[in-house]
Every structure is written in C-alpha cells, then in structure tokens.
Amino acid sequence: MNSRKAIVLPKHQKVFDQLGENIKLARKRRKLTTEQVSERAGIHRATLYRIEKGDPAVAIGLYFNVLRVMNLQDDFLKLANDDAFGRKLQDLDLL
C-alpha cells in the first residue's frame, strides 16, 4: 500500500495550525511537559511537536490520543457535529 502525503490548501492549513496551537495551549495550561504528554499518549516527542504545529500528515488517532491525555477526548465528538448544510440538503429531498 502506498502512503500519500495529505494535500491541504494553504487557506485550510490555517485550521490545522489553529488546532495545533489549541492543543499546545491546553498542554501548557495543565503545566504538562512535551515529555509527559508524548509518553502518556504513546508517541514520540517529535510527533507531538508535529501535532502542535498542525501537521495534517499525522494520523487522526494520534491527535485523539493527545487530546485524551489532557481529558479533552469529548471535544473529538464535536467534529462535524453541526451539519446544518447536510440537514438543508436532506430537507430539500423531503419536499
């Protein structure tokens, strides 16, 4: 199986950049070191660094593990939670 690099447009990369920054701030608010978080998440410190930089090539499961370490795993459920556009499309089909 060939591995492909995630292609993210620059305007969408800003979303990943913000996610990484949010994770980094959450870690610092809890006064956790990169060593502590990476060890508890079962990842290398370099991978945590990539997550905190918003690297879209890092597996989504690793993002989840880092959030879990900081007790933010429920935030993961908020992804794509409010699908207003999808509901409008569905409602049009019902008419």
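Remember, predicted model here, so these are calculated numbers, not experimental data. (Residues numbered from 1 in each chain as written. Predicted model: local features only at pLDDT ≥ 70, side-chain atom pairs only at ≥ 80, totals over all residues. Heavy atoms only, no water.)

1. So, a nonpolar patch on the surface
We count it as follows: For patch detection, residues must exceed 30% relative accessible area and be free of salt bridges, and they are connected within 9 Å for like charges or within 5 Å for nonpolar side chains (Val, Leu, Ile, Met, Phe, Trp, Tyr). Only the protein chains shown count as cover for residues, and all accessible areas are computed by the Shrake-Rupley method using a 1.4 Å probe. Salt bridges are counted wherever a side-chain nitrogen of Lys or Arg sits within 4 Å of a carboxyl oxygen of Asp or Glu. Here a helix means four or more residues in a row that DSSP labels H or I, a strand means two or more in a row labelled E, and each is numbered from the N terminus.
A contiguous nonpolar patch, built from Phe85, Leu89, Leu92 and Leu95 and spanning about 520 Å² of accessible area, is present on the exposed surface. Topologically, Leu95 is positioned in the segment after helix H5 (84-94).

2. Thoughts on the environment of Gln73
In plain terms, the rule: Every residue pair with non-hydrogen atoms within 4.5 Å of one another is taken to be in contact.
Counting through the fold element by element, Gln73 comes out in the loop between helix H4 (60-69) and H5. Gln73 has contacts with Phe64, Leu67 and Arg68, leaving out every residue within four places of it along the chain.

3. Looking at the nonpolar core
Which entries qualify depends on this criterion: Here the nonpolar core consists of buried residues drawn from Ala, Val, Leu, Ile, Met, Phe, Trp, Tyr and Cys, with membership extended through side-chain atoms lying within 4.5 Å. For every residue, the accessible area obtained with a 1.4 Å probe (protein chains only) is divided by the maximum for its type, and the residue is called buried under 20%, exposed over 50%, and partly exposed between those limits.
Counting 15 residues, the largest nonpolar core has Ile23, Val37, Ile43, Ile51, Val66 and Met70 as its most contacted members. For this core, the secondary-structure elements that each account for two or more residues are helix H1 (10-29), helix H2 (34-41), helix H3 (45-52) and H4. If you tally residues by element for this core, the top one is H4, at four residues. Leave out the neighbours within four places in its chain, and Ile43 touches Ser38, Leu48, Ile51, Leu62 and Val66.

4. What about unusual backbone geometry?
Its identity is not glycine, yet Lys31 carries a phi of approximately 55°, on the positive side. Topologically, Lys31 is positioned in the loop between H1 and H2. Under the relative-accessibility criterion, Lys31 is labelled exposed at 72%.

5. Quick notes on the environment of Arg29
Tracing the backbone through its elements, the reader meets Arg29 in helix H1. We classify Arg29 as exposed; its relative accessible area is 62%. In this structure, the C-alpha to C-alpha distance between Arg29 and Met70, residues 41 residues apart in sequence, is 10.0 Å.

6. Structural notes on H1
Put simply, the rule reads: In this scheme, a helix's expected span is set at 1.5 Å multiplied by one less than its residue total. Working note: the arc is built from the helix axis to C-beta atom directions.
With 20 residues, H1 extends 28 Å from end C-alpha to end C-alpha; this agrees with the ideal 28 Å at 1.5 Å per step. Among all positions in H1, only Gln13, Gly20, Ile23, Ala26 and Arg27 are buried. End-on view of H1: buried residues confined to an arc of 140°, all on one side of the axis. What points out from H1, more than 90 degrees from its buried face, is the exposed set Lys11, Lys14, Val15 and Arg29. Buried positions along H1 lie against H2, H3 and H4. Following H1 by one or two positions, Lys31 has its phi on the positive side, about 55°.

7. Looking at the pattern of salt bridges
Counted under the stated rule, the structure contains five salt bridges. Put simply, Glu35 and Arg45 hold a salt bridge, and the shortest N to O gap is 3.4 Å. Taken together, the residues span a long stretch of sequence, with Glu35 in helix H2 and Arg45 in helix H3 at a distance of ten residues. Taking relative accessible area as the criterion, Glu35 reaches 38% and is therefore assigned partly exposed. For Arg45, a relative accessible area of 44% translates into the label partly exposed. Arg50 serves as the salt-bridge partner of Asp55, at 2.8 Å between the closest nitrogen and oxygen.

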